[in-house]
Amino acid sequence: MKFVSLVASLVFSASFTAAAVLQQLQAELAPHLSQNDLISTISPPRWSSFNAPLPGAVVNVQTELDVATTVKYLTANGIPFLAQNGGAGWSSSLDLNSDGVLINLASLNHVTFNGDKTQATIGGGSSISNTIAQAYAAGALVETGTCNCVGTLGALLGGGYGSLMGLYGFGVDNVIAVQVVTADGEFHNVTATSDPDFFWALKGAGPNLGIVTSAVVKSYPTTQDGMLAWTGTLTFDSSQLEEVVEAIQDLELQPDMNLFMYFISSGPPANEPVILVRPFLYKGSVTTGRAAFSSLYAVGPTRDTTAVLPYTQWNAGADGFCTYGARKPSYGVGFQKMIPSTWREVWNSYVEFQKKPTAANSTVLLEAYSLTKARSIDPNSAAFPHRNVNFHVIAIPWYEDPSLDDQAQAFGNAARDLWRATDQLAQNQTYINFAYGDEALEVVYGDSLPKLREVKRRLDPSGQFSHWYNIV
Ligand SMILES: Cc1cc2nc3c(=O)[nH]c(=O)nc-3n(C[C@H](O)[C@H](O)[C@H](O)COP(=O)(O)OP(=O)(O)OC[C@H]3O[C@@H](n4cnc5c(N)ncnc54)[C@H](O)[C@@H]3O)c2cc1C
Ligand SMILES: *[C@@H]1O[C@H](CO)[C@@H](O)[C@H](O)[C@H]1NC(C)=O
Ligand SMILES: *[C@@H]1O[C@H](CO)[C@@H](O)[C@H](O)[C@H]1NC(C)=O
Ligand SMILES: *[C@@H]1O[C@H](CO)[C@@H](O)[C@H](O)[C@H]1NC(C)=O
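Basis of the calculations
- Residues numbered from 1 in each chain as written.
- Chains lettered and ligands numbered in written order.
- Predicted model: local features only at pLDDT ≥ 70, side-chain atom pairs only at ≥ 80, totals over all residues.
- Heavy atoms only, no water.
- Pairing = 2+ DSSP bridges.
- Helix = DSSP H or I, 4+ residues; strand = E, 2+ residues; numbered from the N terminus.
- Axes fitted to C-alpha atoms, helices over the stretch in contact; angles between N-to-C directions.
- Phe/Tyr/Trp six-rings, centres within 6.5 Å; stacked < 30°, edge-to-face > 60°.
- Buried < 20%, exposed > 50% of the residue type's maximum accessible area, 1.4 Å probe, protein only.
- Disulfide = S-S within 2.5 Å.
- Contact = heavy atoms within 4.5 Å.
- Parallel < 35°, antiparallel > 145°, perpendicular 65-115°, else oblique.
- Salt bridge = Lys/Arg side-chain N within 4 Å of Asp/Glu carboxyl O.
- Core = buried A, V, L, I, M, F, W, Y, C linked by side-chain atoms within 4.5 Å.

Peer 1: When you look at the sheet that holds strand β9 (residues 187–190) in this model, what are you seeing that I'm missing?
Peer 2: To summarise the sheet geometry, strands pair through backbone hydrogen bonds and adopt either a parallel or an antiparallel arrangement. Pairing in this open sheet of five strands is antiparallel, and the strands run β5-β6-β10-β8-β9 from one edge to the other. Of all the strands in the sheet, just β5 (111–113) and β9 have a single pairing partner and so form its edges. Neighbour-to-neighbour, the strand axes of this sheet turn through a mean angle of 15°, independent of strand direction. Of the pairings in the sheet, the one linking strand β8 (residues 175–181) to β9 comprises four bridges and is antiparallel in character. Pairing of Val181 across the sheet is with Phe187, part of β9.

Here you go:
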């Protein structure tokens, strides 16, 4: 009885705080925004519901100025807040509660090009699918991530891996100017010359320093042929794992190539765990694609869906991975070498977890890119610290039933420990956008941490941006 009333009063006080925040914002902030009806209690969807932020109110900003007005107000009133773009971030550090406010950037989805299409201005809430659709219409390529649902700038601000990396470097290597609102609610148009340290820090740790309302990035005008790639999936079964792993290790990715490997369900009703490889060859044909990935073909895929696809379809194969909802506490790791015995052990723990009720869509995702171009760029030009890392992988337990949380975390931790045990790195390194949330700051920020601390002290002295691998 006592327990029940305690729970009831906790629930009551949480909803009371939420109602108070909502009322305060309606009265004091709403009149200063571009429209009077931008404050809501409905959170935009998130990719993972595990540890998702639970704000008391949502501000659906419509203009870049709305962002500045909102941040200035929230900071002045000591109200915690967090920006949401694509909502794909799964970090356990995204801990906004009912006394906090979510700033939904989704309406800032403009993408425009300059006259010769060598520069694109991308809104702080533009999804990758939206950015690609606009770029395709303009006849230009923009370096984005490989999943349609993700926020273009959400992915870029952590580093930005994507299909065109071999040609153009990381997302951060393509940034020209960043329009950002800092904790005091002021706009800064940050470039390499306007504020070199801030510019450097935004490129790897952006979400820790402000809200980017738009960014100018390089774009690459091209012809119809320049908007085609050969890609798709090759299916392998469990017995072929070691051969697949060795073929990936031995493959020298050229600048126009990249490759993903998935452990994934074959789909209902059987939901058998299978191995998929997704090869990608920019401007490839069936002939050149098969030649470039001949070592994978030699292993003998049981199914092949590869085809030549237009720019707007390159990410289509990953749309299943983009499904929102369900619990997905995910564990990322960087490592240097594909080791068959490590992968067999990870496969065994994956298969064990994937057969649990509601967990069939669990997956493991390996990403391999051509890094020659990215490594030719001055490593000190961006805070992003992982240019030396050859491979990134994420273990993604994906399930509905919260009673599986402990087993999901046990699987994710076990997979992460296995990869790390043979990572061949001097220290653990995890791409910030693939991290679980419990990593030491050195693991995600590497050697950039001391200088990031200085920039953080200058631009966010009271620590308003504290929900994304908080730099302290
Ligand atoms: C299905 C899927 C596919 C992915 N594919 C790739 C990939 O191909 N390449 C890659 O590099 N990464 C990839 N990632 C990782 C992805 O980059 C991170 O999850 C990233 O944090 C997602 O950004 P978001 O805007 O979608 O998420 P959100 O959850 O909205 O944001 C994540 C964090 O970034 C902050 N943030 C977002 N936008 C801004 C902004 N405009 N200004 C300031 N802060 C901002 C948020 O406040 C939050 O702290 C993928 C993730 C998923 C789930
Ligand atoms: C920021 O600076 C860049 C580069 O000088 C410029 O192209 C861009 O228009 C500026 N953005 C704003 C909003 O002033
Ligand atoms: C797995 O994903 C597919 C496609 O999104 C969906 O139809 C199916 O219900 C999911 N399975 C489980 C067990 O959640
Ligand atoms: C890397 O992380 C693992 C745990 O996953 C830990 O056991 C190991 O000591 C770490 N290595 C270094 C060099 O910090």
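Anyway, onward from the coordinates.
Peer 1: Where do I start with the packing of aromatic side chains in this structure?
Peer 2: With the rule as written, the count across this model stands at 31 aromatic pairs. With a centroid separation of 5.3 Å and an interplanar angle of 90°, the aromatic rings of Phe81 and Phe465 are classed as edge-to-face. Of this pair, Phe81 sits in strand β3 (residues 81–84) while Phe465 is found in the segment after α14 (449–459), placing the two residues 384 residues apart along the sequence. In this structure, Phe81 and Phe465 share a single accessibility class: buried. Look at Phe260 and Tyr262: their rings are 6.4 Å apart centre to centre, the planes differ by 70°, and that puts the pair in the edge-to-face class.

Peer 1: Hey, could you run me through the state of the cysteines in this one?
Peer 2: Formally, a disulfide is one covalent bond, and it connects the sulfur atom of one cysteine to the sulfur atom of another. Enumeration over the complete set of coordinates arrives at one disulfide. Cys147 takes part in no disulfide bond, and the closest cysteine sulfur, belonging to Cys322, lies 4.4 Å away.

Peer 1: It is not clear to me how the pairing of strand β14 (residues 257–265) should be interpreted in this structure. Could you clarify?
Peer 2: Along any regular strand the residues' side chains alternate between the sheet's two faces. Burial of β14 is extensive: eight of the nine residues sit out of reach of the surface. One ladder, built from nine bridges, connects β14 with strand β15 (residues 273–282); its direction is antiparallel. Paired with Met257 across the bridge in β15 is Leu281. When β14 meets strand β19 (residues 363–369), the two strands line up antiparallel, connected through six bridges.

Peer 1: Looking at this structure, I do not really get helix α6 (residues 196–205). What am I missing?
Peer 2: An α-helical segment advances 3.6 residues per turn. Residues three or four places apart therefore align on the same side. Of all 10 residues in α6, eight are buried, a share of seventy percent or more. Here α6 has its buried residues at Phe198, Phe199, Trp200, Ala201, Leu202, Lys203, Gly204 and Ala205. Buried-residue contacts for α6 involve α4 (152–158), β8, β9, α13 (441–445) and α14.

Peer 1: Would you take a moment to explain the packing of α6 against α14 for this structure?
Peer 2: The relative placement of two packed helices is expressed as an angle between their axes plus a distance between the axes. Where α6 meets α14, the closest approach of the two axes is 10 Å, and the angle between their N-to-C directions is 110°. On the basis of their axis angle, the class for α6 and α14 is roughly perpendicular. Counted together, Asp197, Phe198, Trp200, Ala201 and Ala205 of α6 and Lys451, Leu452, Val455, Arg458 and Leu459 of α14 form the full contact between these two elements.

Peer 1: Hey, could you run me through the pattern of salt bridges in this one?
Peer 2: It is possible for side chains bearing opposite charge to pair when their charged atoms get close. Summed over all chains, the structure comprises 11 salt bridges. With its nearest N and O atoms 2.9 Å apart, the salt bridge here joins Arg416 to Asp438. Of this pair, Arg416 sits in helix α12 (residues 405–421) while Asp438 sits in the loop between α12 and α13, placing them 22 residues apart in sequence. If you follow the salt bridges from partner to partner, you end up with Arg416, Asp438 and Glu439 in one network.

Peer 1: Looking at this model, I keep getting lost on the nonpolar core. Mind explaining?
Peer 2: Side chains of a nonpolar character, in soluble globular proteins, are inclined to be buried together. Core analysis: the largest hydrophobic core is formed by 82 residues, its most contacted members being Leu141, Phe170, Phe198, Tyr311, Trp314, Tyr445 and Leu452. Apart from residues no more than four positions distant in its own chain, Phe198 is found in contact with Val180, Thr182, His188, Val190, Leu209, Val455, Arg458 and Leu459. Of all hydrophobic cores here, the second largest spans 45 residues; its members include Phe50, Phe293, Tyr331 and Ala368.

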